[in-house]
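Structural characterization, general
Spelled out, the chains give:
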Amino acid sequence: PTPVEPEPFKLVAALDLSLLVPLLLAGGILLWQRRAWGYVLASMASIEGALYLLVLSVNSLIGIMRGLVQAPGEVPVWGTLGLLTGAAAVLLLVHLQGESR
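So, a few notes on the structure that sits alongside this text. (Residues numbered from 1 in each chain as written. Predicted model: local features only at pLDDT ≥ 70, side-chain atom pairs only at ≥ 80, totals over all residues. Heavy atoms only, no water.)

With that settled, the discussion passes to the overall build of the chain. Across its full length, the chain holds three helices and zero strands. Put simply, the chain runs from its N terminus to its C terminus through helices and strands in the order α-α-α. Computed over its C-alpha atoms, the radius of gyration of the chain comes to 16 Å, more than 25% above the 13 Å expected for a compact globule of 101 residues. Its C-alpha atoms give the chain principal-axis dimensions of roughly 50 × 25 × 15 Å. The buried share among the 101 residues of the chain stands at 23%. A sequence separation of at least 24 residues applies to 48% of the contacts in the chain between residues at least 6 apart. For the chain, the exposed surface amounts to about 7,500 Å²; the carbon and sulfur share of it is 72%. If the 5 positive side-chain charges of the chain are averaged to one point and the 6 negative ones to another, these points end up 12 Å apart. (Helix = DSSP H or I, 4+ residues; strand = E, 2+ residues; numbered from the N terminus. Rg over C-alpha atoms; globule rule 2.2 N^0.38 Å. Buried < 20%, exposed > 50% of the residue type's maximum accessible area, 1.4 Å probe, protein only. Contact = heavy atoms within 4.5 Å. Areas by Shrake-Rupley, 256 points an atom, 1.4 Å probe, with all protein chains shown as cover. Lys, Arg positive; Asp, Glu negative; His and termini not counted. Charge placed at Lys NZ, Arg CZ, Asp CG, Glu CD.)

Shown next, in the form of structure tokens:
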């Protein structure tokens, strides 16, 4: 079963697969090749991913606290992934700043 109705879930999955995954993949490949655009794309994707997971977690918690939805088991995973993705973004930006000096 999906955490929400199937139609909204399909929309979110389509957006993830068409926007976030290609950006993360391109950034990762360019980072692996040590190209400058890798830092740009990977930083953008990490920030976008961290914010996406933060919004998803906060909205889920608000819905749970108001009794609108039952607690999906993914909330702890989303929070952890959001923190790790945010840390990756900070690490990339700090390293980028160090490289420009």
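Text resumes after the structure shown.
Time to look at the pattern of salt bridges. Scanning all chains against the criterion turns up one salt bridge. A salt bridge links K10 to E7; the shortest N-O distance between them is 3.5 Å. Here K10 and its partner E7 are both found in helix α1 (residues 6-32), three residues apart, which amounts to about one turn of the helix. (Salt bridge = Lys/Arg side-chain N within 4 Å of Asp/Glu carboxyl O.)

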